[in-house]
Amino acid sequence: MELTILFGTFAALMLIGTPIAFCLGISSLATVAYMGLPPLVVFQRLNSGMSVFSMLAIPFFIYAGDLMVRGGIAGRIVAFAAAVIGHVRGGLGQVNILTSTLFGGISGSAVAEAAAVGGIMIPQMKARGYGADYAVNVTSMAALIALLLPPSHNMIIYSISAGGRISIADLFTAGIIPGLLLALALMTTAYIVARRRGYPTEPFQGFLVIGHLLAAAIPGLLLIAIIFGGVRSGIFTATESSCIAVLYALLVTVFVYRQLTWADFVHATMGAVRTTAMVLLIIGTAAAFSWLMAFLRVPATLVMWMQSLSDNPIMILLLLNVLMLLLGTFMDMGPTIIITTPIFLPIATAYGIDPVHFGVIMILNYGIGLNTPPVGGVQFVACAVGRISVWEAMRSVWPFYGAGVVVLLLVTYIPALSLWLPAVFR
C-alpha cells in the first residue's frame, strides 16, 4: 500500500502537469503520513540531498556555457566547423554535428547546446534549402553528444546519486569514445538522408581560411583541455574546475573576444541562479523519494524479480535499456537519474556490470529520451528554434533515432568502449 501511494500520487500529479519537484515532494509526504512517520523525515532527507558540495559543479558549468554562448565562442566554433567539413554532402548538417561535438566539450548541457547551435545553424540551413525537419532533427540529436563529453553535468548527478562512490574523472573519460562514436553515426546518417533529399554542399574555403578560423576558435576550445586535463590529472576537482571554467569564460569573452556586454552578463548570471534553484529543489525532493524507495526495499525487490527472469547479463542489460528508454520518454533527465540510479545500479552491479560503464549506458538512454515526447526537452527547444511542431519533426527523425540506438547497443555490449580510456588514464 505504501508503494501504491508513493507511485500513484507521483503519477497522478505528473498527469495533471505538476512540476516534477512538487510531484516528488508531495508523494513523499503522502507516503510518510500514511506510514505514521513524522513529516520532518522528508525535510531532513531533502536538506541532506541538497547539501552536497560537489553539486556546485552543475550550476557553474551551466553558467560557463551560457557566458560562452553570449560571448561569441559558439559563433567562432560554427565558422571553424563550416570551413572543415561544410563541403561534404549535406554540408550544413555535417557542420551542425561537428559544432555540437566541439561545443559539447564546453557547455556539457544538451539543452544549452540545442539552443546555442540551433539558434545559429537552423535558420542558415532553412535559408539554403534544407528541410526544417532535417535541420531540427540533426540539431536535437547532435545535442546529445554534450551529455557524454566532459564536462557533462549529468555525469556529476549520476555520481552523486550513486553515493559519491564513482569517480567523476572516470565518468568524464568514459564518455569520450561513446560521444565520438555517436557523432560519427549521426554524421553518416545525416549524409545518407541529405543525399536522398538532394541537399547541397558548401564550397571548400581552403586550408588558409581553416587555419585563421582555428586560431580564432582556439581560446574557446582550450577550455576543453583545461577542464579535462585538470580533473583527470588531479590538479583540481570537478567542482573546482567548474569555477575555473566560469573565470576562464569571463576572461576570454571580455578581454579576448570583447563581445560579452553587461546585459549579457546579467542575463547569464540570473539564468544560472534560476537553474541552480530549480536543480537543487529537484535533487532535494528526489533524495527524499529515493530514501523512501530504499526504505520500502524497492531495489532489492527488483533485483530478486530480475533474477527470477534470467541470470544472463545480456538479457538483464537489454531489459534495463528498455526500461530506461521508456522512463526517459516520460520524465526529464536529471530527476530520472536521481530517482533510478539507487534502483538500477544495484541490479547492474549484482550482474557484474561496472558502475562507470553503466553510467554511460544510463546517460545515453535518458539522452535519447530527451528527444522523445511528451517530455523531450531538447526536441522542444530545437522545434521552437526551427518553428515547426514536434509531430512534424517526429515524422522524419527515425533514421537519427536508429543511429542513436545502434550506438547505445554497441556501448552496452562492448564495455571497452567506455572502460578502456579511463584505464589508460589511470
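Residues numbered from 1 in each chain as written. Predicted model: local features only at pLDDT ≥ 70, side-chain atom pairs only at ≥ 80, totals over all residues. Heavy atoms only, no water.

Novice: Mind showing me how you'd approach the overall build of the protein chain here?
Specialist: If you tally the helices and strands in the protein chain, you get 23 helices and 0 strands. Here the C-alpha atoms of the protein chain give a radius of gyration of 21 Å, agreeing with the 22 Å that 2.2 N^0.38 yields for 426 residues. Once the C-alpha set of the protein chain is aligned to its principal axes, its extents read approximately 70 × 45 × 45 Å. Considering only contacts within the protein chain whose residues lie at least 6 apart along the sequence, 78% involve residues at least 24 apart. Of the accessible surface of the protein chain, which amounts to about 17,200 Å², a share of 71% is contributed by carbon and sulfur atoms. (Helix = DSSP H or I, 4+ residues; strand = E, 2+ residues; numbered from the N terminus. Rg over C-alpha atoms; globule rule 2.2 N^0.38 Å. Contact = heavy atoms within 4.5 Å. Areas by Shrake-Rupley, 256 points an atom, 1.4 Å probe, with all protein chains shown as cover.)

Novice: Help me understand the pattern of salt bridges, please; the structure alone is not making it clear to me.
Specialist: Think of it this way: side chains of opposite charge can pair up when their charged atoms draw near. Per the counting criterion, the structure on display carries 1 salt bridge. With a shortest N-O distance of 3.1 Å, D133 and R197 are connected by a salt bridge. Taken together, the positions of D133 in helix α8 (residues 132–142) and R197 in helix α12 (residues 176–197) put the pair 64 residues apart, joining distant regions of the chain. (Salt bridge = Lys/Arg side-chain N within 4 Å of Asp/Glu carboxyl O.)

Novice: Would you mind showing me how to read the packing of helix α10 (residues 153–161) against helix α19 (residues 355–369) here?
Specialist: Direction vectors running N to C along α10 and α19 enclose 130°, while the axes themselves pass 10 Å from each other. Taken together, the axis directions place α10 and α19 in an arrangement best described as oblique. When you trace α10 past α19, the crossing you get is right-handed. Residues N154, M155 and Y158 of α10 form the contact with α19, whose participating residues are P355, F358, G359, V360, M362 and I363. Taken together, the residues of the contact of α10 with α19 sort by class into 7 nonpolar, 2 polar and no charged. (Axes fitted to C-alpha atoms, helices over the stretch in contact; angles between N-to-C directions. Parallel < 35°, antiparallel > 145°, perpendicular 65-115°, else oblique. Left-handed = near helix turned anticlockwise from the far one by under 90°. Nonpolar A, V, L, I, M, F, W, Y, C, P; charged D, E, K, R; others polar.)

Novice: I'm lost on the nonpolar core in this one. Help?
Specialist: Generally speaking, a soluble globular protein has its nonpolar side chains buried in company with each other. Grouped together as the largest cluster of nonpolar side chains are 131 residues, with contacts concentrated most on I97, Y134, F344 and F358. Residues within four places of F344 in sequence aside, it is in contact with L320, L323, M324, L327, F358, M362 and Y366. (Core = buried A, V, L, I, M, F, W, Y, C linked by side-chain atoms within 4.5 Å. Buried < 20%, exposed > 50% of the residue type's maximum accessible area, 1.4 Å probe, protein only.)

Novice: Just checking my understanding: could you explain the confidence of the model for the protein chain for this structure?
Specialist: Predicted coordinates in areas of low pLDDT are best not read in detail. On average, residues of the protein chain score 81 in pLDDT, and 93% of them reach the 70 mark or higher. Model confidence for the protein chain, summarised as mean pLDDT per element, is weakest for helix α16 (residues 298–309) at 70 and strongest for helix α22 (residues 398–413) at 92. (pLDDT = per-residue confidence, 0-100.)

Novice: Teacher, can you tell me more about the packing of aromatic side chains here?
Specialist: Think of a pair of aromatic rings as described by two things: how far the centres are apart, and how the planes are tilted against each other in angle. On inspection of all chains with the given rule, the structure shows 6 aromatic pairs. One cation-aromatic arrangement involves R76 over Y257; the distance from NZ or CZ to the ring centre is 3.8 Å. (Phe/Tyr/Trp six-rings, centres within 6.5 Å; stacked < 30°, edge-to-face > 60°. Lys NZ or Arg CZ within 6 Å of the ring centre and 35° of its normal.)

Novice: Is there a simple way to think about α22 in this case?
Specialist: Between its first and last C-alpha atoms α22 spans 22 Å; for 16 residues at 1.5 Å apiece the expected length is 22 Å, and the two agree. For α22, the full list of buried residues reads F400, Y401, A403, G404, V407, L408, V411 and T412. (Expected span 1.5 Å × (residues − 1).)

Novice: Mind showing me how you'd approach the packing of α19 against α22 here?
Specialist: The angle between the axes and the distance between the axes are what describe a pair of packed helices. Taken N-terminus to C-terminus, the directions of α19 and α22 make an angle of 165°; their axes are 10 Å apart at the nearest point. Here α22 runs roughly antiparallel to α19, going by the angle between their axes. Crossing angle aside, the handedness with which α19 passes α22 is left-handed. Along the contact surface, α19 presents H357, V360, I361, L364, N365 and I368, while α22 presents Y401, G404, V405, V407, L408, V411 and T412.

Novice: Teacher, can you tell me more about unusual backbone geometry here?
Specialist: Negative phi characterises most residues that are not glycine, and trans characterises most peptide bonds. Of note, the phi angle at R258 is positive, near 55°, even though the residue is not glycine. The class of R258 is exposed, set by a relative accessible area of 70%.

Novice: Can you walk me through the environment of V88 in this structure?
Specialist: With respect to the secondary-structure elements, V88 resides in the loop between α5 (73–85) and α6 (91–107). In the structure, V88 is positioned 143 residues away from V231 in sequence and 35 Å away in space, judged by C-alpha atoms. In this structure, V88 is in contact with Q94, Y191 and T201, ignoring residues within four places of it in sequence.

Novice: What am I meant to see in a nonpolar patch on the surface here?
Specialist: Residues I314, M315, L318, V322, L326, V405, V406, L409, L410, Y413 and I414 make up a contiguous nonpolar surface patch of about 880 Å² in total accessible area. Within the residue set of the nonpolar patch, elements represented by two or more residues are α17 (313–330) and α22. In this structure, Y413 sits in helix α22. (Patch = residues over 30% accessible without salt bridge, like charges linked within 9 Å, V, L, I, M, F, W, Y side chains within 5 Å.)

Novice: How should the environment of C383 be read in this particular structure?
Specialist: Along the chain, C383 falls in helix α20 (residues 377–386). C383 sits 23 residues away from V406 along the chain, and the two C-alpha atoms are 24 Å apart. Those residues in contact with C383 that sit more than four places away from it in its chain are V136, I388, S389, V390 and A393.

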